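# Structural overview
As a plain string of letters, each chain reads:
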Amino acid sequence: MIVSVASGKGGTGKTLVATSITASVEGAQLLDCDVEEPNAFLFFPEMNILDRKECTVLVPQIDEGACVHCGRCSEVCAFNALAVIPTRVVVFPELCHGCGACMISCPEKAISEVSRRIGRISVARSGDHDIVWGELEPGEARPTPLIRDVRRHANADTVIVDCPPGASCSVVESVRDTDFCLLVAEPTPFGLYDLDLALKLLERLSIPRGVLINKSGIGTREIYRYLEKRDVPVLMEIPMNREMAELYSRGVIFVNVMGGWRERFENLAERIREMSG
């Protein structure tokens, strides 16, 4: 079972929930796909690094000796990653999606592909849990190839995917082909607006979904009325609690300290398993 934990906006408690489920389910694996600012591994201080490797993508390399500057490569590039001027071809590697169209279409066979580093992936173990996370290189515009590589490490009976916030391409890549998506939302007008965007995205992807309300007790009841109207189940609520917030700020998974919560997250995981079929 692969469960993605997502949110329409940042700061709703997505990582709090992802790490709590992981800590509560025996042998669960955590994949942190928020590669622009991964932090889930910080909650597992007693861990051993098992592997670190670079993540690379293929980008075009121009043989100026063979190139006749016909412009065919820039014409077929859907992402404007190449510009042909009278004396040379300029490559913008940050825009390249690695599709290979330029290399295939070049009549002079003047284009080859070379590897370019965009980040790295770390694999660690803490107790009976594996934690995998990606770290995108500063300035990189496209996190999706790195997210895709992190997702390839899924190899446990229960896999928890900590997604980036929002409803962008990086979120689509993180939730794609997961068995269930748990959306974390806060009961505020901003939380409702962004939750609506995230739910519409999941509907387009045909992914089973449910909602966990974090910081319940603040805001209004509007989000509950909205979910009831959309027939989306509220699977769990976490109240606004100072002790939880303090533990989180110190990098402590609160289910390991506060009684009763581990069982609640175990039951949540079991309910998700039943709903995902």
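Here the structure is a predicted model, which means the values were calculated and not measured.

With that settled, consider the overall build of the protein. Each helix and strand counted, the protein has nine helices and eleven strands in total. Counting only C-alpha atoms and orienting by the principal axes, one finds that the protein spans roughly 70 × 45 × 35 Å. Across the 277 residues that make up the protein, the buried fraction comes to 51%. About 13400 Å² of surface is accessible on the protein, with carbon and sulfur atoms providing 49% of the total. In the protein, which carries 30 positive and 39 negative side-chain charges, the distance between the mean positions of the two groups comes to 3 Å.

Pairing between the strands of a sheet is mediated by backbone hydrogen bonds and can be parallel or antiparallel. Pairing in this open sheet of nine strands is mixed, and the strands run β3-β6-β7-β2-β8-β1-β9-β10-β11 from one edge to the other. If you trace the sheet from one side to the other, it starts and ends with β3 (48-62) and β11 (234-239), each paired once. Each strand axis lies, on average, 20 degrees off the axis of its neighbour in the sheet, ignoring direction. Across eight bridges, the pairing between strand β6 (residues 111-126) and strand β7 (residues 129-136) is antiparallel. Residue pairing for β7: Ala-124 is matched across the bridge by Ile-131. In the packing of helix α4 (residues 144-151) onto the sheet, the strands contacted are β1 (2-6), β2 (29-32), β3, β6, β7 and β8 (159-162), and the crossing angle to β6 comes to about 45 degrees. Strands β9 (180-185) and β10 (209-216) of the sheet are contacted by helix α6 (residues 189-205), whose axis makes an angle of about 175 degrees with β9.

Another aspect to go through is the pairing of strand β4 (residues 82-85). With four bridges joining them, β4 and strand β5 (residues 88-91) adopt antiparallel strand pairing. The residue of β5 that forms the bridge with Val-84 is Val-89. In this antiparallel pair of consecutive strands, β4 and β5, the connection spans two residues.

If you walk through the whole model with that rule in mind, you get five aromatic pairs. Ring centres of Phe-43 and Tyr-248 lie 4.9 Å apart, and the angle between their planes is 35 degrees; on these two criteria the pair is classed as tilted. In this pair, Phe-43 sits in the loop between β2 and β3 while Tyr-248 sits in helix α8 (residues 242-249), placing the two residues 205 residues apart along the sequence. Since its relative accessible area comes to 9%, Phe-43 is described here as buried.

Non-glycine residue His-69 carries a positive phi angle of around 60 degrees. Relative to the assigned elements, His-69 resides in the loop between β3 and α2 (72-76). The phi dihedral of Ser-206 is positive, around 55 degrees, even though this residue is not glycine. Here Ser-206 lies in the loop between α6 and β10. Taking the relative accessible area as the measure of exposure, Ser-206 reaches 60% and is therefore exposed.

So, on to the nonpolar core. In summary, soluble globular proteins display a tendency toward joint burial of nonpolar side chains. Formed by 51 residues in total, the largest nonpolar core has its most connected members in Val-175, Leu-183, Leu-195, Val-211, Ile-223 and Leu-227. With six residues, α6 is the largest single contributor of residues to this core. Those residues in contact with Val-211 that sit more than four places away from it in its chain are Leu-182, Leu-183, Ala-185, Leu-195, Leu-227, Val-232, Pro-233, Val-234, Leu-235 and Met-236.

Right, let's get into helix α7 (residues 222-230). Among all positions in α7, only Ile-223, Tyr-224, Tyr-226 and Leu-227 are buried. Down the axis of α7, the buried side of the element spans an arc of 160 degrees, and every buried residue falls inside it. Those residues of α7 that are exposed and angled more than 90 degrees off the buried face are Glu-228 and Lys-229. In this structure, the buried side of α7 is in contact with β9, α6, β10 and β11. Remark: Asp-231 follows α7 within two positions and exhibits a positive phi of approximately 60 degrees.

Before going further, it helps to spend a moment on the state of the cysteines. According to the stated counting rule, one finds zero disulfides in the structure shown. Between Cys-55, a free cysteine, and Cys-33, which holds the nearest cysteine sulfur, the sulfur-to-sulfur gap is 12 Å. Cys-163 supplies the cysteine sulfur nearest to Cys-181, a cysteine that is in no disulfide, at a spacing of 5.9 Å.

Turning to the pattern of salt bridges, a few remarks are in order. The final tally for this structure, using the stated rule, is 18 salt bridges. Note that Arg-225 is salt-bridged to Glu-222, the shortest N-O span being 2.9 Å. Within this pair, Arg-225 and its partner Glu-222 are both found in helix α7, separated by three residues, close to a single helical turn. What makes Arg-225 partly exposed here is its relative accessible area of 48%. By relative accessible area, which is 37% here, Glu-222 ends up partly exposed.

Rules of the game
- Residues numbered from 1 in each chain as written.
- Predicted model: local features only at pLDDT ≥ 70, side-chain atom pairs only at ≥ 80, totals over all residues.
- Heavy atoms only, no water.
- Helix = DSSP H or I, 4+ residues; strand = E, 2+ residues; numbered from the N terminus.
- Buried < 20%, exposed > 50% of the residue type's maximum accessible area, 1.4 Å probe, protein only.
- Areas by Shrake-Rupley, 256 points an atom, 1.4 Å probe, with all protein chains shown as cover.
- Lys, Arg positive; Asp, Glu negative; His and termini not counted.
- Charge placed at Lys NZ, Arg CZ, Asp CG, Glu CD.
- Pairing = 2+ DSSP bridges.
- Axes fitted to C-alpha atoms, helices over the stretch in contact; angles between N-to-C directions.
- Contact = heavy atoms within 4.5 Å.
- Phe/Tyr/Trp six-rings, centres within 6.5 Å; stacked < 30°, edge-to-face > 60°.
- Core = buried A, V, L, I, M, F, W, Y, C linked by side-chain atoms within 4.5 Å.
- Arc of directions from axis to C-beta.
- Disulfide = S-S within 2.5 Å.
- Salt bridge = Lys/Arg side-chain N within 4 Å of Asp/Glu carboxyl O.

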